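Per-entry structural report
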Amino acid sequence: MEIVILGGIRQIGRLAADAIEHLVRRKPDAVLGLATGSSPLPVYDELAARHERGLDFSRASAFALDEYVGLPAGHPESYREVIRREFTDRVNIAPENVHGPDGTATDIPAACESFEQAIAAAGGVDLQLLGVGTDGHIGFNEPGSSFASRTRIKSLIEQTRRDNARFFTSLAEVPHHVITQGLGTIMAARHVVLLATGAQKAQAVRDFVEGPVAAICPASVLQFHPHATVLLDEAAASALK
Ligand code: F6R
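Fair warning: this is a prediction, and the values are worked out from it, not measured in the lab.

Take the site of the ligand next. Residues in close proximity to the ligand total 14 residues, the closest being T36, G37, S38, S39 and G131. Split into classes, the residues belonging to the shell around the ligand amount to five nonpolar, eight polar and one charged.

The following block contains the structure:
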């Protein structure tokens, strides 16, 4: 695991964008794995600015990490909408090349399976962006998730619902279930780039970087990834030894 401690969120955004730009220039039909939440927003801003200056995503494709279950299609907080608004509408990725788990499906296991098949058909994810939860979750793989897990439905723990309530008008509106890529799915990406900022992430960062690899801290599985890059600000890195 490669740990990079940077001066702040803008530098983190630029370094992650450098990795994506390098990938897309080397492999124009790159497959990007996209996360939602606050952490990747500076990356998307930076990539949108680079697209204005000519960075071409026309042959790239993208897969979202996760999706709420039960939000109606087009709900502004559905991750499909967030990804569209924050990133894919701001660059020239073809909309038909942007994929996410279908949180409106009546047959959720079938939707999970077809999402996994779509990733495989695209040749697998080249670079997966990740944030990390205060409890060490990645995607919505909460503590206790199997390291071998694939895309599936999960219940959100209350802490994560509370963490995400800031995007909704009330806690009651935050869905209880999500579809998430599994830890096994995430580990199959060829390069994983995790971003974390702020003191509230310091303990989770310490646990997954320096603690034991254990299901209680899902992000710790990244210690086994052959190419994992962790971009931190000083506050998020402050509990590292
Ligand atoms: C988002 C996701 C989550 C977030 C995590 C951190 O698609 O899967 O794992 O990355 O909850 O969220 P932020 O970045 O908002 O602190």
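Here the narrative resumes.
What follows is about helix α3 (residues 79-86). All of the buried residues in α3 are Y79, R80, V82 and I83. One side of α3 holds all its buried residues, which, seen down the axis, span an arc of 165°.

The next point concerns the UniProt feature "active site" (unreviewed entry) in the chain. The positions UniProt marks with the feature "active site" (unreviewed entry) are D66, D135, H137 and E142. For D66, the location among the structural elements is in strand β4 (residues 66-68). With residues near it in sequence (within four places) discarded, D66 still touches Y79, P101, G139, F140, V178, I179, T180 and Q181. Here H137 lies in the loop between β6 (127-130) and β7 (152-155).

The UniProt record annotates "domain: Glucosamine/galactosamine-6-phosphate isomerase" (unreviewed entry) at residues 11-223. Taken end to end, residues 11-223 is 33% helix and 15% strand, and its two terminal C-alpha atoms sit 24 Å from one another.

Next up on the list: the pairing of strand β9 (residues 191-196). Of all six residues making up β9, five are buried, and the element is well covered by its neighbours. Examined bridge by bridge, β6 and β9 share four bridges and lie parallel to one another. The partner of L130 across the bridge, within β9, is L194. As defined by bridge partners, β9 adjoins strand β10 (residues 228-233) across five bridges and the pair is classed as parallel. Of the residues in β10, the one forming a bridge with V192 is A228. On the question of chirality, the crossover connecting β9 to the parallel β10 by way of helix α7 (residues 202-210) is right-handed.

What counts and what doesn't
- Within any chain, residue numbers begin from 1 and follow the written order of that chain's sequence.
- Given that the model is predicted, a residue must reach a pLDDT of at least 70 before its local features are reported, and side-chain atom pairs must reach 80 or more before they are shown or counted; all residues, however, enter totals for whole chains, interfaces and linings.
- For each residue, a C-beta atom is placed from the backbone, and the residue counts as near a molecule or strand when that atom lies within 6 Å of it.
- In this classification, the charged set is Asp, Glu, Lys and Arg, the nonpolar set is Ala, Val, Leu, Ile, Met, Phe, Trp, Tyr, Cys and Pro, and all remaining amino acids, among them Gly, are polar.
- With C-beta atoms placed from the backbone, a residue counts as buried when 20 or more other C-beta atoms lie within 10 Å of its own, as exposed when 12 or fewer do, and as partly exposed for counts between those limits.
- Only DSSP runs of H or I covering at least 4 residues are called helices, and only runs of E covering at least 2 are called strands; the numbering of each starts at the N terminus.
- In this context, the arc is that of the directions from the helix axis out to the C-beta atoms.
- UniProt positions are given in the numbering used here, feature names are shortened, and annotations may be inferred rather than shown by experiment.
- Two residues qualify as being in contact provided that their C-beta atoms, derived from the backbone, are within 7 Å of each other.
- Pairing between two strands requires that DSSP report at least two bridges joining them.
- The path from the first strand over the helix to the second decides the hand: if it runs clockwise while the strands point away from the viewer, the crossover is right-handed.

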